[in-house]
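Chain by chain, the residues:
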Amino acid sequence: MILQIVGFKDSGKTTLLQQSITFLKSQGYHIVTIKHHGHEKDDITLQSSNVDHMKHFEAGADQSIVQGSAYQQTVTRRNQPSLEQLIKESVTISYDVILVEGFKNEDYDKIVVYKTQEELEELRLLTHVQYFYNYNNENALKNYEQWLLKWMKRKDEHKNETI
């Protein structure tokens, strides 16, 4: 299952994604997240080159992986793959759902996060929108969590029907 959380800058996407993770983990789900850094002019900030695996990367390695006792980190040099390619090539653990922040124009189920009517009108044009989340609504999080659980169960049932 893949669910995108999309909206404009500072609309609350990251906050909603964090709340979604916490809620779904409390329900026993295994989660992978992917974030699209949508700031065209600025690339992501990498870890300091003072650590060994980043020294490898800075020296020209196309991919550098570091393994600790409980965590693994990978840095890969590549031009912007599609979300589908990114999932296929980078997700290496089993999961129940992949929560994606951004990638507005990809074709997966989406939650639109908005604050103003103008944002809503523009985001309505996106495909596969399943839910609209407005932080101005007093019961927004409670209603969203109820919807999210139903969406997860419905997708799970559909997945089991196709097996």
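Quick summary incoming for the structure in this document. (Residues numbered from 1 in each chain as written. Predicted model: local features only at pLDDT ≥ 70, side-chain atom pairs only at ≥ 80, totals over all residues. Heavy atoms only, no water.)

## Examining the overall build of the chain
Moving on, step 1. Looking only at helices and strands, the chain features five helices and seven strands.
Moving on, step 2. Shown N-terminal to C-terminal, the secondary structure of the chain runs as helices and strands in the order β-α-β-α-β-β-α-β-β-α-β-α.
Moving on, step 3. If one aligns the C-alpha atoms of the chain with their principal axes, the spans along those axes are about 50 × 40 × 25 Å.
Moving on, step 4. Per-residue burial for the chain yields a buried fraction of 35% across its 163 residues.
Moving on, step 5. In the chain, 57% of the contacts between residues at least 6 apart in sequence involve partners at least 24 apart.
Moving on, step 6. Of the roughly 10800 Å² of accessible surface on the chain, a fraction of 45% belongs to carbon and sulfur atoms.
Moving on, step 7. Of the side chains in the chain, 19 bear a positive and 23 a negative charge, and the two mean positions are spaced by 3 Å. (Helix = DSSP H or I, 4+ residues; strand = E, 2+ residues; numbered from the N terminus. Buried < 20%, exposed > 50% of the residue type's maximum accessible area, 1.4 Å probe, protein only. Contact = heavy atoms within 4.5 Å. Areas by Shrake-Rupley, 256 points an atom, 1.4 Å probe, with all protein chains shown as cover. Lys, Arg positive; Asp, Glu negative; His and termini not counted. Charge placed at Lys NZ, Arg CZ, Asp CG, Glu CD.)

## Notes on the pattern of salt bridges
Moving on, step 1. In the structure shown here, the tally under the stated rule is three salt bridges.
Moving on, step 2. For Lys-155, the salt bridge goes to Asp-109, with nearest N and O atoms at 3.0 Å. Taken together, the residues span a long stretch of sequence, with Lys-155 in helix H5 (residues 140-162) and Asp-109 in strand E6 (residues 109-114) at a distance of 46 residues.
Moving on, step 3. The exposure class of Lys-155 is partly exposed, given its relative accessible area of 28%.
Moving on, step 4. Judged by its relative accessible area of 11%, Asp-109 is buried. (Salt bridge = Lys/Arg side-chain N within 4 Å of Asp/Glu carboxyl O.)

## Looking at the packing of aromatic side chains
Moving on, step 1. Under the defined criterion, the tally for this structure stands at six aromatic pairs.
Moving on, step 2. Each ring, one from Tyr-131 and one from Trp-147, has its centre 4.9 Å from the other, and the planes form 35°; the classification is tilted. You can see Tyr-131 sitting in strand E7 (residues 129-134) and its partner Trp-147 sitting in helix H5, a full 16 residues away along the chain. Note on accessibility: Tyr-131 and Trp-147 belong to one class, buried.
Moving on, step 3. Three or more aromatic residues joined by ring pairs make a cluster, and in this case those are Tyr-131, Tyr-133, Tyr-135, Tyr-144, Trp-147 and Trp-151.
Moving on, step 4. For Arg-124, the ring lying beneath its charged end belongs to Phe-132, and the centroid distance is 5.2 Å. (Phe/Tyr/Trp six-rings, centres within 6.5 Å; stacked < 30°, edge-to-face > 60°. Lys NZ or Arg CZ within 6 Å of the ring centre and 35° of its normal.)

## Structural notes on the sheet that holds strand E1 (residues 2-7)
Moving on, step 1. Strand order across the open sheet formed by five strands is E2-E5-E1-E6-E7, with parallel pairing between neighbours. Whereas interior strands pair on both sides, the edge strands pair on one side only; in this sheet they are strand E2 (31-35) and E7. Each adjacent strand pair in this sheet contributes to an overall mean axis angle of 20°, direction not counted.
Moving on, step 2. The pairing of E2 with strand E5 (residues 97-101) spans five bridges and is parallel. For Ile-34, the partnering residue across the bridge sits in E5 and is Val-100.
Moving on, step 3. Along the sheet face, helix H1 (residues 13-26) touches E1, E2, E5, E6 and E7 and points at about 165° away from the line of E5.
Moving on, step 4. This element, helix H3 (residues 83-90), spans E1, E2 and E5 of the sheet and lies at about 135° to E2. (Pairing = 2+ DSSP bridges. Axes fitted to C-alpha atoms, helices over the stretch in contact; angles between N-to-C directions.)

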